[in-house]
Structure formats: C-alpha cells, structure tokens
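Single-letter residue listing:
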Amino acid sequence: MAKAAAVVLLVAALLGCLVSASLADQGTATYYGPVYTPSACYGYQDEGTMIAAASDGLWDNGAACGRMYQVSCAGGTNATPNPCKGGSVTVKIVDRCPSPGCQATLDLSQEAFNTIGNLDAGKILINYNQV
C-alpha cells in the first residue's frame, strides 16, 4: 500500500513539473551592465543585481515594475557552443528595454544572464513565467 502511494506521488510530481514547464512563456534574453542605475522604475535606488529590463510587450506602461520572473535558458540563438548553463534565475523588473533598440523579451543584468547562460552567446532562448 505504501509503495503504491509513493508511486502515485511520484507520478503526480512529474506531471506537475511537465504542466509547470508547459505553462512557461518563451522568448529571448540579452544582457546589460555592469551599471544598473538610474532605472525607469527606481531611479538611483539600488535593487541588486538579479534584475531585468522588460521589453515593450511586458512593460505594461510601467506596471511591470517590481514584477518577478523565473527565467531559464532553453537554447542558443547563434553558433556559440553550450549557450545554457542549466538551472533558473529569478529576476525583478527594474527598467524598460524600449523598441526598436531592445533585441529581447527580457534584458537581464549581466549577473543574472551569467547564472543561466554563457555570456559569449550574447542572446539566448528562454522560458519564463511571472512568480
């Protein structure tokens, strides 16, 4: 009986992971830095280094300020070998990455990008969701 319950729990956990991954949005990430102030959301207030700038699609007329996103690398956008490091990073939106200069869904701080991707790649495919 305990063995059957353990199997059911394992299957439920695996299904939960699959559903969670399928609910993530897909996009691209670039990086900026190492100077992060002033920002559109917080001016000269230091918000740390696990931060990002939102593209126009996420900016929502500034309502994106303070939103948190969990981001993971899903692959490369160029020939750079091994663009992903694995894992994920949670970032806070502190700035806007405006069109037409913005080349990604999220412009991550250099430190946040380096947590999930190879800096030499410059731009990566990502899965992200608001947390």
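Provided above is the structure to which this section pertains.
Every value quoted in this text rests on a predicted model; they were computed, and no experiment measured them.

The rules behind these values
- The residue numbering used here restarts from 1 in each chain and proceeds along that chain's sequence as written.
- Per-residue local features of the predicted model are confined to residues with pLDDT of at least 70, and side-chain atom pairs are confined, for both listing and counting, to 80 or more; whole-chain, interface and lining totals are unaffected and use all residues.
- Side-chain measures were taken over the full set of non-hydrogen atoms in the model, leaving aside hydrogen atoms and water.
- In what follows, salt bridge is the name for a side-chain nitrogen of Lys or Arg lying within 4 Å of a carboxyl oxygen of Asp or Glu.
- A run of H or I in DSSP becomes a helix once it reaches four residues, and a run of E becomes a strand once it reaches two; helices and strands are each numbered from the N terminus.
- Each residue is assigned to one of three classes by its accessible area relative to the maximum for its type, calculated with a 1.4 Å probe on protein chains only: buried under 20%, partly exposed between the two thresholds, exposed over 50%.
- Strand pairing follows a simple DSSP-based rule, namely that at least 2 bridges must link the two strands.

**Q** Can you lay out the pattern of salt bridges for me, pointing to particular residues and giving the numbers?
**A** Under the counting rule described, the total for this entry stands at three salt bridges. Among the ionic pairs, Glu47 bridges to Lys92, the shortest N-O distance being 2.6 Å. Of this pair, Glu47 sits in the loop between strand S1 (25-32) and strand S2 (51-55) while Lys92 sits in strand S4 (residues 88-97), placing them 45 residues apart in sequence. On the basis of relative accessible area, Glu47 is assigned to the partly exposed category, the value being 21%. Linking Arg96 and Asp56 is a salt bridge whose minimum nitrogen-to-oxygen distance equals 2.8 Å.

**Q** A description of the pairing of S4 should follow, citing residues and the corresponding values.
**A** On a regular strand, one side chain projects to one face of the sheet and the next to the other, so that they alternate. Where S2 lies against S4, five bridges are found, and the strand directions are parallel. Across the sheet, Ile51 pairs through a bridge with Lys92, a residue of S4. For strand S3 (residues 68-76) and S4, the ladder comprises five bridges, and the chain directions are antiparallel. Directly across from Tyr69, in S4, lies its bridge partner Val91.

Interpretation in functional terms is not warranted from these geometric data alone.
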